[in-house]
Amino acid sequence: MPKQRITKEMVVNAAFEIARNSGMEQVMVKNIADKIGCSVQPIYSYCKNMEGLRRDVVEQVGVFIQNYVRTHIDKEDLFRSTGRVYIQLAKEEPALFRIFILHQRNGISSLDDLYRKETDPHVAEFIAGQLNISTDKAKRLHLNMLIYTIGIGTIFSVTEPGISADEIYTQLEAAYETFLKQALYA
């Protein structure tokens, strides 16, 4: 039987699946080799260092999450449903959610830097148009919800046996209403 040719794509996909099921801390050469069904030698040929492989996994996680959000969001209620989608993601894919939220972000020294790096630049304009508020107020509203959703989603993704999704969604809705009032009347 001919030897299987191990590709970088196979290595990254196996590492992604391990991270998805067990967390990034389990992305190790031996575990990847076991997942692919080969020796560790071909893995080492693609992984000069594990940090490069982990960056590839984080990148694949980002693509997965973008696709997840795009396919689950309610286009009729874009802003409100985005938070719900991220909470749903935290419930269905807790390891990927943690990887996405907790990966190292370079060049961030303020919340404004974070906002510019992590969001589409047209979101604040869209929210402003939908809610008939200034772009600055829309940006503040979006940033507040981003911070809140990250926090509550992280709590949701690390609790056992887990907080009910209904309780989380109720809390998220209360935060949305509070931040919205602040944006409208500030």
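Note that this is a predicted model, so its numbers are computed, not measured.

Looking at the layout of surface pockets
Working step 1: Estimated volume of the second largest pocket: approximately 170 Å³.
Working step 2: What lines the second largest pocket is simply Ala90, Lys91, Pro94, Arg98, Phe156, Ser157, Val158, Thr159, Glu160, Pro161, Gly162 and Ile163.
Working step 3: Those elements that provide at least two residues to the lining of the second largest pocket are helix 5 (78-92), helix 6 (94-102) and helix 9 (135-158).
Working step 4: In terms of residue count, the dominant contributor to the lining of the second largest pocket is helix 9 (three residues).
Working step 5: A per-class count over the lining of the second largest pocket returns six nonpolar, three polar and three charged.

Digging into empty space enclosed by the protein
Working step 1: The full count for this structure, using the stated rule, is one cavity of 30 Å³ or more.
Working step 2: The calculated volume of the largest cavity comes to roughly 50 Å³.
Working step 3: What lines the largest cavity is simply Lys137, Arg140, Leu141, Asn144, Phe179, Gln182, Ala183 and Ala186.
Working step 4: Of all elements in the fold, only helix 9 and helix 10 (165-185) reach the threshold of two or more residues within the lining of the largest cavity.
Working step 5: For the lining of the largest cavity, the element with the most residues is helix 9, which contributes four residues.
Working step 6: Each residue belonging to the lining of the largest cavity can be placed in one class, and the counts come to four nonpolar, two polar and two charged.

Quick word on the packing of helix 1 (residues 8-22) against helix 4 (residues 50-72)
Helix-helix packing is characterised by the crossing angle of the two axes and by the distance between the axes.
Working step 1: Interaxial distance between helix 1 and helix 4 falls to 9 Å at its minimum, and their mutual angle equals 70°. Classified by the angle between their axes, helix 1 and helix 4 sit roughly perpendicular to one another. Along its contact with helix 1, which presents Lys8, Val11, Val12, Asn13, Ala15, Phe16, Ala19 and Arg20, the element helix 4 presents Leu53, Asp56, Val57, Gln60, Val61 and Phe64.
Working step 2: Looking at the contact of helix 1 with helix 4 residue by residue, the classes come out as nine nonpolar, two polar and three charged.

Description of the nonpolar core
Working step 1: Core analysis: the biggest nonpolar cluster contains 55 residues, and Val27, Ile32 and Leu53 have the highest contact counts within it.
Working step 2: For this core, the elements supplying multiple residues, two or more each, are helix 1, helix 2 (29-36), helix 4, helix 5, helix 6, helix 8 (123-131), helix 9 and helix 10.
Working step 3: For this core, the leading source of residues is helix 10, giving nine residues.
Working step 4: Non-local contacts of Val27, meaning those with residues more than four positions away in its chain, are made with Ala15, Ile18, Ala19, Ile32, Met50, Leu53 and Arg54.

Structural notes on helix 2
Working step 1: Among the residues of helix 2, those classed as buried are Val29, Ile32, Ala33 and Ile36. Viewed along the axis of helix 2, the buried residues span an arc of 100°, placing them on a single side of the element.
Working step 2: Along its buried surface, helix 2 packs onto helix 1, helix 3 (41-46) and helix 4.
Working step 3: Positive backbone phi, at 90°, marks Gly37, one or two positions downstream of helix 2.

Brief notes about the packing of aromatic side chains
Working step 1: Across all of its chains, the model carries four aromatic pairs by this definition.
Working step 2: Look at Phe64 and Tyr68: their rings are 6.3 Å apart centre to centre, the planes differ by 25°, and that puts the pair in the stacked class. With Phe64 and Tyr68 both in helix 4, this residue pair falls four residues apart, about one helical turn.
Working step 3: Taken together, the aromatic side chains of Phe16, Phe64 and Tyr68 make up a single cluster linked through ring pairs.
Working step 4: The ring of Phe100 has Arg105 lying over it, and the distance from NZ or CZ to the ring centre is 5.9 Å.

Some details on the confidence of the model for the protein
Working step 1: On average, residues of the protein score 89 in pLDDT, and 98% of them reach the 70 mark or higher.
Working step 2: The element-level mean pLDDT for the protein is lowest in helix 3, coming to 84, with helix 1 highest at 95.

What counts, and where the lines are drawn
- Residues numbered from 1 in each chain as written.
- Predicted model: local features only at pLDDT ≥ 70, side-chain atom pairs only at ≥ 80, totals over all residues.
- Heavy atoms only, no water.
- 1 Å grid on protein atoms, 1.4 Å probe; cavity = no way out; pocket = protein on both sides within 12 Å on 5 of 7 lines; lining within 4 Å.
- Points joined across faces, edges and corners; volume = space filled by probe spheres on them.
- Helix = DSSP H or I, 4+ residues; strand = E, 2+ residues; numbered from the N terminus.
- Nonpolar A, V, L, I, M, F, W, Y, C, P; charged D, E, K, R; others polar.
- Axes fitted to C-alpha atoms, helices over the stretch in contact; angles between N-to-C directions.
- Parallel < 35°, antiparallel > 145°, perpendicular 65-115°, else oblique.
- Contact = heavy atoms within 4.5 Å.
- Core = buried A, V, L, I, M, F, W, Y, C linked by side-chain atoms within 4.5 Å.
- Buried < 20%, exposed > 50% of the residue type's maximum accessible area, 1.4 Å probe, protein only.
- Arc of directions from axis to C-beta.
- Phe/Tyr/Trp six-rings, centres within 6.5 Å; stacked < 30°, edge-to-face > 60°.
- Lys NZ or Arg CZ within 6 Å of the ring centre and 35° of its normal.
- pLDDT = per-residue confidence, 0-100.

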